[in-house]
Amino acid sequence: MDDFPILNKIQNPQDLRKLPPDEIASLPQEIRDRIIQATSQNGGHVGPNLGVVELTIALHLAFETPKDSFCWDVSHQGYVHKLLTGRNDGRFDGIRQENGLSGFLSREESPHDAFGAGHAGTCLSAALGMCMARDLKKDNNHVVAIAGDAAFTCGITLEALNNIACSTKKFILVLNDNEWSIAKNVGAFSRYFNELITNPVYDRLHKDAQTFLTKIPGGRSFMKLVSKAKRDTKELLAPSSIFEKLGIRYLGPIDGHDVETMVRFFEFAKDSDEPIVLHVLTRKGKGFPVALKEPEKWHGSGPFDAKTGESKPENPDSPPKYQDVFGQCLAALAVKDKSITGITAAMPAGTGLDALEKKIPDRFYDVGIAEEHAVLMAAGMAAQGLKPVCAIYSTFLQRAYDPIIHDVCLQNLPVTFCLDRAGLSPNDGPTHHGVFDLSFLRCVPNALVMQPKDEDELQDMLFTGISSGQPAFIRYPRGNGLGVTLKKSPETIEIGKAEVITQGETCSIWALGPFVENAKKLAEKLSAKYNFECSLVNVRFVKPLDVDLLIKHATSHDFIVVLEDNVMMGGLGSAIMESLQANDLQIPVKSFGWPDTFIPHGSSINEIRTKYGLDDQSILTFVENFINKRQKSPERAIA
Ligand SMILES: Cc1ncc(C[n+]2csc(CCOP(=O)(O)OP(=O)(O)O)c2C)c(N)n1
């Protein structure tokens, strides 16, 4: 910790504000070193955080949290804020790990985190709500929304922009523009921001602004100058930015790596009696050459060498990732079938859809962080006879629930949804765990809902979904498959047909996705200890459920065990119990899945599963206790 003499003096933002100018000037380097030190161990959002070091320092110099509130969009770039608000300790070294800090901001973690996030596009609306609460209470604190340029691809950001000027006079928006989403930012707003940056009139005004703000405290005259120039020239010299047309004063572009200038602009914004946006330019990965060179790779990184940036090469023998199997398979299917298209909401690499982009760029669409729009657009394509495939992480699909019901399923349109990161996203935590999709999809009419047990079955399900002619949802986990052999060409699976892996007696285990492997181990352990062989079912379809098989097993076994990677409420276990009840069948069902609580982040899936009793041993113990209880009541004893 001696490497960080200035940073270590800061226990809270007041300490920062007491630092002399020369120490403030040296602080960014220390913070960058500290971020690299910590993230090199376990990974994290390296590039976004290195890019906002000066911006975050300037914010904390100008504003006073927690009295003032910062709303960071996504909040993946909140590490500097954490370091300046009393979290520069061992928990920071363990960021995104068990007992370490969250990788995002969270109201539970600190009073300086005014609003938690993890999904994009929420900060303007949340900040506006806070401003309105302040106005109603007649308080005078400041609320600052800090949004990346990619947040402007989100519909909710635009909904908030439409609502700001008519709702409050005091609203400060910092547009942190680094031209990147995870991949290069896309769309008209991104082009527009670029125009603002390169517009010579804004450039001149920006220079004037700097001069005025340097000379005159508060810089009020600058605003007058801008307004007058616009009036006099009928906006020829100083074209109104889109923000000004929405009633939000635009200032910028501002050098986001110049602390002193930013503080002046923030001080000015504090005095403003109208909503204001400060367009700040930053560079993702600033101060770390490898990250500057490859912003996409360094948006989120695994562990790496702190000096060279080199990351541990992946074991060439490890099985392919589900996302890559999906991407390759889709690209191959799209070569054969010209009606197949692929849509991503700003996650071309993460979803594996970049394989389609490389092979058939004309049928690949990145719509920005706009899941709702992506689904509606897919519905439109399907209505015109195309076979769109939407690749959206389970957690982000939550955004698109209404178009799923109202546009895709109600009209029974053949859109295939591929939901990566179903189940836990362990280091990211509750904002990213994909544990709700079975519950929210299963209840929608016309939806086909399935999960493969391995990567080969994923190929078959993709083919089945696209060929089904109806809305199809395929969920699969983050990371590597099992390493099974992939067939050359996928085959269709009979819709609604489960796979019986072993036929036994007494106990029938119904498992889904990665839990099929756990079910195999459970079956082995049980049969080694008791005198029965379990039946083992790879459920495959949660909807339609294989009810015929369920009835058969319910009438030929003593109890059913269900294993799923979803919240128990409304998931596979619920589906099974509902079907049993509908068929007047009474058989004990032991269900294992996620409980009715938000699962925190952790170091690994195994660690979190153990904590929640979903590891192999806990499941076995639970089932054994259940069997033992039954043994004690003679009329229900197991043979
Ligand atoms: C609804 C939603 N979709 C996708 C993501 C995945 N995601 C995380 S950060 C990010 C890009 C953010 O870009 P920007 O806001 O410009 O911030 P930067 O990282 O460039 O600082 C994306 C797409 C998300 N967090 N939320």
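Everything here concerns the structure above.
Note that this is a predicted model, so its numbers are computed, not measured.

Asks: Which residues make up the environment of Asn176, and what values go with them?
Replies: Structurally, Asn176 can be placed in strand β3 (residues 172-177). Between the C-alpha atom of Asn176 and that of His373, which follows or precedes it by 197 residues, the distance is 24 Å.

Asks: I'd like to hear about the site of the ligand, residue by residue, with values.
Replies: Near the ligand you find 22 residues, and of these His76, Ala120, Trp180, Lys284 and Glu371 are the closest. One of the backbone nitrogen or oxygen atoms of Trp180 is found 2.8 Å away from an oxygen atom of the ligand. Relative to its unbound accessible area of 590 Å², the ligand is 98% covered by the protein chains. Counting contributing residues, the shell around the ligand receives three or more from each of domain 1 (7-195 + 242-293) and domain 3 (322-475).

Asks: Provide a residue-level description of the side chain of His119, including the pertinent values.
Replies: Position of His119 relative to the elements: it lies in the loop between α6 (90-93) and α7 (123-137). Looking at His119, its side chain comes within polar contact range of the side chain of Thr395, at 2.8 Å. A polar atom in the side chain of His119 sits 2.7 Å from the backbone oxygen of Thr431. With residues near it in sequence (within four places) discarded, His119 still touches Val74, Thr395, Phe396, Gln398, Arg399 and Thr431.

Asks: So what's going on with the packing of aromatic side chains? Which residues, and what values?
Replies: For the coordinates displayed, the defined rule picks out 23 aromatic pairs. Where Phe63 meets Phe70, the ring centres are 6.0 Å apart and the plane angle is 85 degrees; that geometry is what we call edge-to-face. Side by side, Phe63 and Phe70 carry an identical accessibility label, which is buried. Members of the aromatic cluster, joined through ring pairs, are Phe152, Phe189, Tyr192, Phe193, Phe243 and Tyr250. It is Arg609 that lies over the ring of Phe515; its NZ or CZ is 3.9 Å from the centre.

Asks: Explain the side chain of Thr341 to me, using residue names and the numbers behind them.
Replies: As for its position among the elements, Thr341 is in strand β6 (residues 340-344). Here Thr341 falls in the buried class, since its relative accessible area comes to 1%. Not counting residues within four places of it along the chain, the set of residues in contact with Thr341 comprises Leu356, Arg363, Tyr365, Met381, Leu386, Lys387, Pro388 and Val389.

Asks: Give a description of the pattern of salt bridges that names residues and reports values.
Replies: Scanning the model with the defined rule gives 32 salt bridges in all. Where Asp428 meets Arg96, a salt bridge forms, and the shortest distance between an N and an O atom there is 2.9 Å. Note that Asp428 is positioned in the loop between β9 (416-419) and α21 (437-442) and Arg96 in the loop between α6 and α7, a separation of 332 residues in sequence. Summarising the burial analysis for this pair, Asp428 and Arg96 share the class buried. The residue Asp456 makes a salt bridge to Lys487 at a minimum N-O spacing of 2.8 Å. Taken together, the positions of Asp456 in helix α22 (residues 455-467) and Lys487 in the loop between β11 (472-475) and β12 (499-502) put the pair 31 residues apart, joining distant regions of the chain. Residue class for Lys487 comes out partly exposed when judged on its relative accessible area of 26%.

Asks: Now, about the pairing of strand β8 (residues 387-391): what can you tell me, with residues and values included?
Replies: Most of β8 sits inside the fold, with 4 of its 5 residues counted as buried. With 5 bridges connecting them, β6 and β8 associate as parallel partners. Bridge assignment links Ile340 to a residue of β8, and that residue is Lys387. Bridge analysis of β8 against β9 gives 3 bridges, and the strand direction is parallel.

Asks: Explain the pairing of strand β13 (residues 506-511) residue by residue, including any values.
Replies: The element β13 is extensively covered by neighbouring structure, given that 6 of its 6 residues are classed as buried. Two elements, β13 and strand β16 (residues 557-567), share 6 bridges in a ladder whose sense is parallel. Following the sheet pairing, Ile509 is matched in β16 by Val561. Here β13 pairs with strand β14 (residues 535-538) via 4 bridges, running parallel. Residue pairing in the sheet places Ile509 in a bridge with Leu536 of β14. Crossover β13 to β14 through helix α23 (residues 515-529) is right-handed.

Asks: Mind laying out the packing of α23 against helix α27 (residues 616-632), listing which residues take part and the relevant values?
Replies: Orientation of α23 relative to α27, taken along the N-to-C sense of each, is 45 degrees, at an axis distance of 10 Å. Classified by the angle their axes make, α23 and α27 are oblique. Note that α23 runs across α27; the crossing there is right-handed. Every residue of α27 that contacts α23 at Phe515, Asn518, Lys521, Leu522, Lys525, Leu526 and Lys529 is listed here: Asp616, Ile619, Leu620, Val623, Glu624 and Ile627. Of the residues in the contact of α23 with α27, the class split is 7 nonpolar, 1 polar and 5 charged.

Asks: Quick rundown of the sheet that holds β11? Include the residues and the values.
Replies: In space, the 7 strands of this open sheet follow the order β7-β6-β8-β9-β11-β10-β15, with mixed pairing throughout. Each edge of the sheet is formed by a strand with only one pairing partner; in this case those strands are β7 (364-366) and β15 (541-543). Averaged over all adjacent pairs, the angle separating strand axes in this sheet is 20 degrees, with direction ignored. For strand β10 (residues 448-450) and β15, the ladder comprises 2 bridges, and the chain directions are antiparallel. Across the sheet, Met450 pairs through a bridge with Phe541, a residue of β15.

Asks: So what's going on with the environment of Leu512? Which residues, and what values?
Replies: Along the polypeptide, Leu512 turns up in the loop between β13 and α23. Using a relative accessible area of 0% as the deciding quantity, one classes Leu512 as buried. Residues Leu512 and Leu413 lie 99 residues apart in sequence; the distance between their C-alpha atoms is 26 Å. Ignoring anything within four residues of it in the chain, the contact list for Leu512 reads Leu438, Gln451, Val539, Arg540, Val542, Leu563 and Leu572.

Asks: Could you give me a rundown of α22, with the residues and numbers involved?
Replies: With 13 residues, α22 should cover 18 Å at 1.5 Å per step; its first-to-last C-alpha distance of 18 Å lies within 8% of that length. Within α22, 11 of the 13 residues are buried, leaving the element largely enclosed by the surrounding structure. All of the buried residues along α22 are Glu455, Asp456, Glu457, Leu458, Gln459, Asp460, Met461, Leu462, Thr464, Gly465 and Ile466. Between a side-chain oxygen at the N-terminus of α22 and the backbone nitrogen of Asp456 the separation is 3.0 Å; the capping residue is Asp454.

Asks: I'd love a proper account of the sheet that holds β12, names of residues and values included.
Replies: The strand order across the open sheet formed by 5 strands is β12-β14-β13-β16-β17, and the pairing between neighbours is mixed. Looking at which strands have only one partner, the edges of the open sheet turn out to be β12 and β17 (589-594). Each strand axis lies, on average, 20 degrees off the axis of its neighbour in the sheet, ignoring direction. Alignment of β12 against β14, held across 3 bridges, turns out to be antiparallel. Bridge assignment links Thr502 to a residue of β14, and that residue is Leu536.

Reading the values: the criteria
- Residues numbered from 1 in each chain as written.
- Predicted model: local features only at pLDDT ≥ 70, side-chain atom pairs only at ≥ 80, totals over all residues.
- Heavy atoms only, no water.
- Helix = DSSP H or I, 4+ residues; strand = E, 2+ residues; numbered from the N terminus.
- Near = heavy atom within 4 Å.
- Polar contact = N/O pair within 3.5 Å; in protein donor to acceptor, adjacent residues only side chain to side chain.
- Areas by Shrake-Rupley, 256 points an atom, 1.4 Å probe, with all protein chains shown as cover.
- Domains from an automatic or database assignment.
- Contact = heavy atoms within 4.5 Å.
- Phe/Tyr/Trp six-rings, centres within 6.5 Å; stacked < 30°, edge-to-face > 60°.
- Buried < 20%, exposed > 50% of the residue type's maximum accessible area, 1.4 Å probe, protein only.
- Lys NZ or Arg CZ within 6 Å of the ring centre and 35° of its normal.
- Salt bridge = Lys/Arg side-chain N within 4 Å of Asp/Glu carboxyl O.
- Pairing = 2+ DSSP bridges.
- Right-handed = clockwise from strand over helix to strand, strands pointing away.
- Axes fitted to C-alpha atoms, helices over the stretch in contact; angles between N-to-C directions.
- Parallel < 35°, antiparallel > 145°, perpendicular 65-115°, else oblique.
- Left-handed = near helix turned anticlockwise from the far one by under 90°.
- Nonpolar A, V, L, I, M, F, W, Y, C, P; charged D, E, K, R; others polar.
- Expected span 1.5 Å × (residues − 1).

The analysis is restricted to geometry; functional conclusions fall outside its scope.
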